[in-house]
Structure formats: structure tokens, C-alpha cells
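# What the coordinates show
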Amino acid sequence: MCENLSKITKSQNDKREYKAIRLENKMTIVLISDPETDKSGVAMNVFVGALEDPADREGLAHYLEHMLFLGTEKYPNQSEYMDYLSKNSGLFNAYTDLMETNYFFECSNSAFEGGIDRFSQFFIAPLFTESCAKREMNAVNSEHQLYFKQDIWRQFQLLRHSAKKGNPLNKFGVGSLETLDHPNIREDLIKFFERYYSSNQMKLVVYSNQSISQLETLVMDKFWSVKNKDIDSPKYEEKPFDDTNQGNFWRVTPVKDEDYLKLMWTLDHTLPHYKSNPAKYISHLIGHEGENSLLSFLKEEGLALELSSGYHDYMNLFTLFEIEIKLTQKGLQNYQNVVNTTFAYLKMLREKGAQEWIFQEINTINKLKFDNVDKQKIMQYILTLASKLQYYEIEDILVQPYLFESFDKELIQKYIDSLKTSNLRIFLQSKTQESLCNLTEPIYGTKYSCENFDETTIKSFENPDLSFTKSQKKLDLPPPNDFVPKSMTIFGSKNDETQSKLPVQIQDNVWFKQDNTFLTPKGQISLFIYFKDCDLPHNVQNVLHSKIWELLFNHHVSELTYMAEQAYLSFRMAITPLQLKLDFKGFNDSLPRFTLQILEKLVSFNPLANQELFNNIYEEVAKETDNFFKNPPFQQIAPYVDYLVRTGFHSPQQKAEAIKGITFESFTHFVKQWLKNLRFEWLIVGNFEKQTALDVTNQGLEVLQKLNYKMIQQFEINQIRAYQLIPNQTIVWQRHLPEGDENSTCTKLYQYPQECTIRNHNLLDLVQTFLRIPAFTQLRTVEQLGYVVFTSVNTRSGIGGIVFVVQSNVKPPIEVSNRIKAFVQSMEEKLINMTEEQFKTLVEGVKNTVKEKDTDIFAETARYEEAINTQYIFGKKQKRVEDIENVTLEEFTKFAKALLYQEPRSLEFYLVSQKHKEEQNQLLDDLIHNENYAHYKDIETIQSRLALYPYYYSKV
Ligand SMILES: [Zn+2]
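What you see is a predicted model; the values in this text were computed from it and never measured.

Definitions and cut-offs
Residues numbered from 1 in each chain as written. Predicted model: local features only at pLDDT ≥ 70, side-chain atom pairs only at ≥ 80, totals over all residues. Heavy atoms only, no water. Helix = DSSP H or I, 4+ residues; strand = E, 2+ residues; numbered from the N terminus. Buried < 20%, exposed > 50% of the residue type's maximum accessible area, 1.4 Å probe, protein only. Contact = heavy atoms within 4.5 Å. UniProt positions renumbered as here; feature names shortened; annotations may be inferred. Axes fitted to C-alpha atoms, helices over the stretch in contact; angles between N-to-C directions. Parallel < 35°, antiparallel > 145°, perpendicular 65-115°, else oblique. Nonpolar A, V, L, I, M, F, W, Y, C, P; charged D, E, K, R; others polar. Left-handed = near helix turned anticlockwise from the far one by under 90°. Domains from an automatic or database assignment. Buried area = accessible area lost by both parts, 1.4 Å probe. Salt bridge = Lys/Arg side-chain N within 4 Å of Asp/Glu carboxyl O. Polar contact = N/O pair within 3.5 Å; in protein donor to acceptor, adjacent residues only side chain to side chain. Donors = N, O, S within 2.8 Å, 3.2 Å for Na, K, Ca; no water. Tetrahedral: all angles 85-135°; square planar, octahedral: opposite > 155°, others 65-115°. Pairing = 2+ DSSP bridges. Phe/Tyr/Trp six-rings, centres within 6.5 Å; stacked < 30°, edge-to-face > 60°. Lys NZ or Arg CZ within 6 Å of the ring centre and 35° of its normal. Patch = residues over 30% accessible without salt bridge, like charges linked within 9 Å, V, L, I, M, F, W, Y side chains within 5 Å. Areas by Shrake-Rupley, 256 points an atom, 1.4 Å probe, with all protein chains shown as cover. Lys, Arg positive; Asp, Glu negative; His and termini not counted. Charge placed at Lys NZ, Arg CZ, Asp CG, Glu CD. Core = buried A, V, L, I, M, F, W, Y, C linked by side-chain atoms within 4.5 Å. 1 Å grid on protein atoms, 1.4 Å probe; cavity = no way out; pocket = protein on both sides within 12 Å on 5 of 7 lines; lining within 4 Å. Points joined across faces, edges and corners; volume = space filled by probe spheres on them.

## Topic: the overall build of the chain
- A tally of regular secondary structure across the chain gives 32 helices and 27 strands.
- When the backbone C-alpha atoms are referred to their principal axes, the chain occupies close to 80 × 75 × 65 Å.
- Here the chain holds 956 residues, and 60% of them are scored as buried.
- In the chain, the share of contacts with a sequence separation of at least 24, taken over all contacts with a separation of at least 6, comes to 83%.

## Considering the UniProt feature "domain: Peptidase M16 middle/third" (unreviewed entry) in the chain
- The sites that UniProt annotates as "domain: Peptidase M16 middle/third" (unreviewed entry) are residues 370–658.
- The span residues 370–658 is 37% helix and 17% strand, and its two end C-alpha atoms sit 47 Å from each other.

## Section: the packing of helix H4 (residues 130–147) against helix H25 (residues 758–782)
- At their nearest, the axes of H4 and H25 sit 9 Å apart, and the two run at 90° to each other. Classified by the angle between their axes, H4 and H25 sit roughly perpendicular to one another. When H4 is examined against H25, the residues Arg135, Glu136 and Ala139 are found in contact with a partner set consisting of Arg780, Thr781 and Val782.
- Each residue belonging to the contact of H4 with H25 can be placed in one class, and the counts come to two nonpolar, one polar and three charged.

## Some words on the packing of helix H26 (residues 813–832) against helix H30 (residues 889–902)
- Two elements in contact, H26 and H30, have axes whose closest approach is 11 Å; the angle formed by their N-to-C orientations is 165°. Put simply, H26 runs roughly antiparallel to H30. Like other packed secondary-structure pairs, H26 and H30 cross with a definite hand, here left-handed. Touching Val824, Gln825, Met827, Glu828, Leu831 and Ile832 of H26 are Phe892, Thr893, Ala896, Lys897, Leu900 and Tyr901, all from H30.

## With respect to the domain arrangement of the chain
- For the chain, the assigned domains read domain 1 (2–224), domain 2 (248–354 + 407–462), domain 3 (504–716) and domain 4 (730–945).
- Computed over C-alpha atoms, the centres of domain 1 and domain 3 are 42 Å apart.
- Counting residues at the interface gives four residues for domain 1, matched by four residues for domain 3.
- Here domain 1 and domain 3 share an interface that buries about 240 Å² over both sides, 61% of which is from carbon and sulfur atoms.
- Where domain 1 touches domain 3, the interface holds zero salt bridges.
- At the junction of domain 1 with domain 3, the criterion picks out zero residue pairs in polar contact (both at pLDDT 80 or more).
- Looking at the side of domain 1 that touches domain 3 residue by residue, the class counts come to one nonpolar, two polar and one charged.

## Concerning the coordination of the zinc ion
- Surrounding the zinc ion are the protein donor atoms His62 (NE2), His66 (NE2), Glu143 (OE) and Glu143 (OE), at 2.1 to 2.8 Å.
- In this structure, the zinc ion is coordinated by four donor atoms arranged in irregular fashion, with angles at the metal of 51 to 141°.
- The sequence pattern formed by the donor residues of the zinc ion is H-x3-H-x76-E. Of the two residues, His62 and His66 both sit in helix H1 (residues 60–68), four residues apart, roughly one turn of that helix. There is no split in this pair, since His62 and His66 are both buried.

## Points about the sheet that holds strand E1 (residues 2–4)
- The sheet built from seven strands is open, its strands ordered E1-E2-E3-E7-E4-E6-E5 with mixed pairing. The open sheet terminates on both sides in strands that have one partner only, identified here as E1 and strand E5 (91–96). The average angle at which neighbouring strand axes cross in this sheet is 15°, direction not considered.
- Sheet strands touched by helix H2 (residues 80–87): E5 and strand E6 (101–108). Its angle to E6, the strand with the most contacts, is close to 40°.
- Set on the sheet, helix H3 (residues 112–120) makes contact with strand E4 (39–46), E6 and strand E7 (202–208); between it and E6 the angle comes to about 160°.

## Points about the pairing of strand E12 (residues 424–429)
- Most of E12 sits inside the fold, with six of its six residues counted as buried.
- Of the two faces of E12, the one carrying Leu424, Ile426 and Leu428 and the one carrying Arg425, Phe427 and Gln429 are both buried.
- Across five bridges, the pairing between strand E8 (residues 248–252) and E12 is parallel. Counted as the bridge partner of Val252 is Gln429 from E12.
- Sheet analysis places strand E9 (residues 260–268) next to E12, joined by six bridges and oriented antiparallel. Within the sheet, the bridge partner assigned to Met264 lies in E12 and is Arg425.

## A word on the packing of aromatic side chains
- A complete count under the given rule lists 62 aromatic pairs for this structure.
- Seen from their ring centres, Phe628 and Phe629 are 5.4 Å apart, and the 85° between their planes marks the pair as edge-to-face.
- Judged by its relative accessible area of 17%, Phe628 is buried.
- The ring of Phe241 carries the charged tip of Arg425 above its face, separated from the ring centre by 4.1 Å.

## Considering a positive patch on the surface
- A cluster of basic side chains, namely Lys7, Lys10, Lys15 and Lys494, defines a positive patch on the protein surface.
- Looking at the element boundaries, Lys10 is found in the loop between E1 and strand E2 (17–23).
- The partly exposed category is assigned to Lys10, whose relative accessible area is 34%.

## Re the sheet that holds strand E25 (residues 799–808)
- Read from one edge to the other, the open sheet built from six strands follows the order E24-E25-E23-E26-E22-E27, with strand pairing classed as mixed. Each of the sheet's edge strands pairs with one partner strand only, and the pair in question is strand E24 (788–796) and strand E27 (933–935). Strand-to-strand twist in this sheet, taken as the mean axis angle between neighbours without regard to direction, amounts to 20°.
- Taken together, the nine bridges between E24 and E25 define a ladder with antiparallel strand orientation. By the bridge assignment for E25, Thr791 is matched with Phe804.
- Against the sheet, H26 engages strand E23 (744–755), E25, strand E26 (905–912) and E27, with an angle of about 45° to E23.

## A short note on the nonpolar core
- Phe119, Phe123, Tyr197, Phe223 and Phe892 are the most contacted members of the largest nonpolar core, which has 101 residues in total.
- Each of domain 1 (2–224) and domain 4 (730–945) gives at least three residues to this core.
- When residues no more than four places from it in sequence are discounted, the contact partners of Phe123 are Met44, Val46, Leu68, Tyr103, Phe193, Tyr197, Met202, Phe223 and Val226.

## Here's the deal with the environment of Leu317
- Summarising the element assignment, Leu317 is placed in the loop between strand E10 (304–314) and strand E11 (318–327).
- On the basis of relative accessibility, which here comes to 15%, the residue Leu317 falls in the buried class.
- In this structure Leu317 touches Tyr236, Glu237, Glu238, Lys239 and His269, once residues within four positions along its chain are discounted.

## A short note on the side chain of Thr37
- Note that Thr37 resides in the loop between strand E3 (28–33) and E4.
- Filtering out sequence-adjacent residues up to four positions away, Thr37 remains in contact with Asn109, Tyr207, Ser208, Asn209 and Ile378.

## Notes on the pattern of salt bridges
- All told, the structure shown has 52 salt bridges when counted by the stated rule.
- Across the salt bridge formed by Glu600 and Lys706, the nearest N and O atoms sit 3.3 Å from each other. Here Lys706 lies in the loop between helix H24 (690–704) and strand E21 (710–711) and Glu600 lies in helix H19 (residues 591–604), a separation of 106 residues in the sequence.
- Measuring nitrogen to oxygen at the nearest pair gives 3.3 Å for the salt bridge that ties Lys660 to Glu657.
- Residue Lys660 is classed as exposed on the basis of its relative accessible area of 59%.
- Classification of Glu657 by relative accessible area gives exposed; the value is 51%.
- In this structure, a network of salt bridges that share partners links the residues Lys74, Glu113, Asp117, Asp221 and Lys222.

## Looking at the layout of surface pockets
- Within this model, the largest pocket holds a volume of roughly 1300 Å³.
- Along the walls of the largest pocket sit 43 residues, with Glu36, Thr517, Phe518, Lys853 and Asp854 positioned nearest its centre.
- Those elements that provide at least two residues to the lining of the largest pocket are helix H28 (857–869) and helix H29 (876–884).
- Volume-wise, the second largest pocket comes out at about 610 Å³.
- When contributions to the lining of the second largest pocket are tallied by element, the ones reaching two or more residues are H2, H25, H26 and helix H27 (836–851).
- A total of seven residues in the lining of the second largest pocket trace back to one element, the largest contributor, which is H25.
- A class-by-class count of the residues in the lining of the second largest pocket yields eight nonpolar, nine polar and three charged.
- The residue makeup of the lining of the second largest pocket includes at least three contributed by each of domain 1 (2–224) and domain 4 (730–945).

The structure is reproduced here in C-alpha cells:
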């Protein structure tokens, strides 16, 4: 039997049914029935996390999370869960946070019962097999190695390290061989599970196409036997930060060359006040980027480039409120002025007091967002809800974080007043501070220093000195937002036969589709500006000039775009090798007006007006180019593959070299020739009438006239083409990584030598799905090569292929490559012996993934944008679903054999860590003598030896 809980408040636009229940074992469950869904899913949130790690077994909670996947009494095979999901269009993952551990998966509706049966056994009878436990510890250690060089993890660990000694926060949560490799670790796992995994601390969310009563029966059947140990939730009483360890100034040395100033206050816990949300009000104003804002002022002074403000609850005990400011060189040298300006803004906030109209404005927009909420991807949706169930009252889990009920002037004022210096810590994060950092965080080795605030800082809090300023700007509350939509009229209707199901051309180069699926007051306007200027995309220096131009333009419009963003209207600009693309999305009512305002700004934009800003942006781009090489190796490798397989792209090294030659003069020269030979194409999708679409494009074109451009013809648009790899040859290229990174990476691409038609795309997806989970199980779980192991389908410029990526901290890349090959070889027999039955399941799985419904109008529009950039097949998705039915087992086998075994055309890129250097070089010596391999020192030489495929009308 189970108990019914309160009704969940939902949006008027949400047609799904919800029901909250509690099982006899006190497990709280939310059932969601969505007859339209293609997939089902489950998320289980257990209220225990890294804070409960025993002091001598740091990382145990996280390690346990890994272990639950690897075998239960009912399903002892370690890859059972993954195999099952992979056959049924499934996805799965899990994470361990400070207070919670969250497990989730999704799969096709028909496979749901089998999935939930395997999943529920995690919480009933996990095995913690000795041999798995040993191996999986390596996966945790690899994960730790992956985070080692990432600033976000290093900073989080510094925060934990800075907590009071003995406080649960003062530990390390990921775990490593050093913290976990103990003889009785299996007993520790079992002890932890027995103690904390109790049904009364579990929150479950179930999502499916079944009815509520069917789901109710299902969850009772699967979860009734999870043990209720009737334990209390972990409670924390002592704050890790107080007067004894705050009121100080920290210098921190990051891995990446980025300069930040961060202010962090410890405040009374805000979560109990979530219905009036005082922290949201404050961060809304401090993080504002419009007129009168803190960022606007700092930018005008040339001190900062970006600013964000937010808050995070910890330990059900306190809230950290943060302001993070990205500094310019000048800002770094004069960081005290940045601090003073921030204090001046806070002083203004204190003096003006909490304003009801601002609160109401935030509320109005949030209410519109909530009333017109879109669906999300299932997994993301349920995992978030399962987590919210731990913190919010059950009726509010959908409403939060949208709506707050009451304006509580005193409470907001109290929180504004509690931003003081005694509970503040200021962090200056910059590589330039390294010589002043005399302390070291023990896990990641981050260098830092900490000193108490001096008298000047404390005094300037009350009376900030702004005498340095030459700015005309003032620090004040923002003006009212006139982008708030006035009309929410819906123009389309479901199943309207008079409307086209796909975009149609309503005027030269104007594609339009009215929404008749989602029926929300939203839409998107996209403008593609093709150019033939400045020898782009071939001239790498001009590629960088155009990047600087783009960033300068974003600064030019930032006050306007920020105001629009507050009213749910967004603007994004992207410069690709072929085009300058402008995307406007959001509530349709104000969208045409916003689009025209941005175009007006575009035609009147003078990028040469502010040389100081140019210098700051140049610094940014230079640092970014350089910081690329500090990304984890598996992320560094991707652009090289992209770059090698087609024309019109440049390697990160070429960019790093070219940036050095850029000056204000070279930029001036670029600007004079840029945007002179153009062609426009529009895509308008959403809650618009045809006339509105015609009006906005015609008015837009009129505005664009002022650019004084010459119109180019369709055939003059740049063509990007793919390089042909050679049959039975593997092209090899490698680069050594600098000292300090333990990880190497190997990427292997198998290219299919024919145009990536609809049929070939389907076949590639089938092969990839056939290989995906077996590859993960073999290379990661069994062979323990590393934490990052994945396969993907790569389709570029009309040519497709399959990619393997393995990042390894234990083997050199050539060894990894041999393992990949051995794995691929081992799959040949399975391929040849595949039964019709197995093939049918495979096809069904891919078909379900392809046909998955769009979650909102923007996801739908993204498909049309892709079509415009490829072959204008707007209905590609439907065509693929129809086409895949016609693939036979014989055809699939023939395709896979050609791709992988008979005449493989492949490419291997290695990034080699110092740790693997010697071993790798020996292996490379052997490889060079093998006639099936061609090793090149640089990519330009490789490209010069390869022929190009024909141009397949795929623009990118
Ligand atoms: Zn993990």
C-alpha cells in the first residue's frame, strides 16, 4: 500500500499528469505520465554524499556510486545494465555531490520495465564483487587524474580545504588510489551502503508513457523491497566558515591564464526563504549588465570584461553568495579599484533599499516563463526533480525556481545588510600572483596565500573611494524593462492543414514556418550573412580578426542584449568559416523589434572607436588561444580531427602562431574590407504570422542596405570540402604534452568513403550503436585504460565516419590504439553471426533515437538551421526514420565490413604525456616500418598528400 502526497503545482502549458506517493518503506516517489513521450526514464536521489565520507576513506561515496552499476544478486553480470540499455536506445549516468547521490537512466518505452527492474536492484542487493571493486577503483583514480588540471575542481577543493579542520566539508570527495586502496575497502563499501542507503532517504522520479495507475503498480512492485533503515537525514550544525577564518584576502594561482576577482560571502541559509527568494533579488541586481550596472561601470573604466553573481546552498546550513569578475590587465593591476567600485554598488543597494517594482518585474517574467514552460530532455528533467525533492516542499518542485510568492522587504534588506567584510573573502586569481603564494593545497597542489583584510579595505567598504574614475556612468538601480511582452496570442493551431509542416520559401532566401506543434508564444529569427571578404576562411589571421570583431560587437550591444535577456529574448552571434550567423530567440512578441534594434547597431558599429577595448579583447583572444592547450587532452584532440578532415579550418597551433602578428593597424586594415561582399538568408520559425516574417525581413534588409555591400551570388559562397583518407592506410600524427599531465589520448577515425546520404548516415549510426557499449565495457570496465572512453559518428562536409576516443593515464597512445583495433577485430565474429532478431533490436534502437520528438520550438529550429547549412533537406529526420526500415541485415553487414575490415581508411591522432613518452617513442619506431602506416610530423604535410572529395553541397 502507499500513501498519497500533496498535489504538485504545474504550468498551464504542461499537459502531463503528476502524482506524488510514499511507499510503505517511506520512499518518496513522483510519477509522471506523458502519453506523447518516445522514451521513459527514472532518477533515484539518495540523500547521502561526499560529506559523509569517513575521514580515512575519502571518495568512498563516489566510489560506491560507480560500484552500484557493476552487478547485483539478480543480475550478476557486470555489464548487464549497460548492455540492456544500449540495446534499447538507453542512456545512463550518475553523480555524487556533497549531500546527495543521483542515479538515472532513460530508454525506449517498450524496454522500460526491464530497465527499471535492473535499476531497482542497485538499491536492493548490489554485489560489490571483489574483482570489480579492484578494477573500478582505477576508473575513479582516472577520473581524479582528469580533474587534476581543471581549475573548477581545484577551486572547489581549495574551498573544501579552507573549511575549519574537522568540519565535514574539510575533506576530498572524488577519491584516488591513495585514499581508497585499502585491503578491506569492500567491507567499507558494504558498511557505507548498509548505513546510508535507506528507502526513507530516497526520492524517486519515474517518467513514462504509461498511465499513472500503471506506473504506481510498477514502482510498488520494483521498489517495495528496498530496505527502510529509518535513519535521519545527515544534519550539520557547525558552519565551516565564521569570524575565525573569514575577512581575508586570498591570492590563487590557476592553471589557465585567466584573471578573476571573486568576492564570496557566507550568509544565513536562504533555502528556508525560497518562497520570497531574497538572494535571487540581490544577485539579479549585482549581476545586471544593463544601464547603471556594476559591470557597465567597470567596463567603461576598462577594468573588467565579464561579471556574474550567484548563490549556492551548502550542508542545509548556510549559503555562499558570490560575485565573479573577469579582469582586464588594467583591472588586475588596479584590483583595489574593482573592489571599491563593487563596495560602492553595494552601498547604493543598501541606501536605496529593497524595491517592490523590481521584485514584481522579475516575478512577472518568471511567471510568463513558467506558464509557457517547454519540455526538457527526459533525463535532465527527472534528475533535477529528484534532487529538488530533497530540498523543496513537494507541491513546489515544478514551481521552483520560477515563482516566488511574496515580497518581503525586511528580509531582502536583512540579506543586503549582511554583505559585510567580516563574512567576506576576496580571491584574486591570476598566474601573476604565483610568487606571492606561500601555501599549497595538498590534493591538487594549488598555490595560494591568505592574509587578513587591512584597515584600508575595511574602511573602503563603508566609504569606497571612487576618485580614480573618469567615467560618466553612475551606479544605480536599472531602468524598467520595456521588453516585457505585451501579447501572448497564439497564431497557429494543431493539425492545421493549411500550414506547411516544413519551412517554405516565402520570398527569395526567406524560409518560414509557423509553429503548429508547441503552441507557445515563442519563436526564432535567424539571419545567415554569407561573406566573400578578406580571403576568409583561408587566411588564419583574418579568422582571428573576425573573432575580435565579433567580441567587440558583443560588447557594443551588451547593455541592450542584457535587458532583452531579462525578458527572455536572446541574441547570439557566431562567425563560421562561411557565414556570420545571428540568432534571435524567445517570446515572439518583442522579437522582431529586438532583431531590428540589433541590426541598427550592426550597421552603425565602429569597431575602431575604442582602442583600449580592442587591446583588452585582443588580450582575451590571445589568452584563450593559449589556454586551449590546458584543456584535458581528449578535448584538445577534437579540433585537430575537424581540422584535418576538411578545408577551411585552422589548427589551434596555427591560431596561436597567427595571433602574435595582430595589431590595431592590422585590425584596421581588416575592418575596411570586411562585410563588403554579402548574401543574406533568413529562417523564421515559431509563433509568427507570415506577414510578420515578411515585415521583419524586409525592414531588416532595408537597415542592412546601410552596410553598402555588393551582393554575391549563391555559387560564389565559399565551399568547404572533405579530404579523402587512403584505403588500408592509417595516417598517424602525434604531439607531446608538457610536463604535469598524467593523461595521454588516442583518437581513431574510420572514414566511410562515400557521400553521407540519408542511408549512409543511418548505416553509420547502426555501426556506432553496435560498437558503443561493448567498446566501453571492454576498454574502460575490463581493460581499465582510462575514465574517458567513447565512440561517436562524425559527419563533416558530406563525409561520415566513426570515431573512437580514449584518454588513458596508464598506457601510451599506440598501445591504446592496438587495444582499440583488437576490440574492433573481436567484433567481426559477432557482426558475421548477427541474427535477424538481434539486427531488428539494433534498428529499433537507432530508429527510436532518431525519431525522438523535439522538446521545444528551438530544438525544432536547430534542425532547420542544420538543413540550411547542408542540403536543405528540412524533413531529414522523418526521411531517416522511413529509410532505416529498409536497411537489411545483409546490407548492414556489408557496410560495416567495408568500413572496419576490408579497406579501412583511418586516421590516428595521439597526444602523448611525458609519463608515456619513452614507451610511445619505441612503439612509434616499430610503427614507421609498417607499410600500412604513414606517420607525418605536421598536419599541413598530411593535407598536401590527400585528395579532396567532391563538393556535396554540405556547406560545413
Ligand atoms: Zn565518477
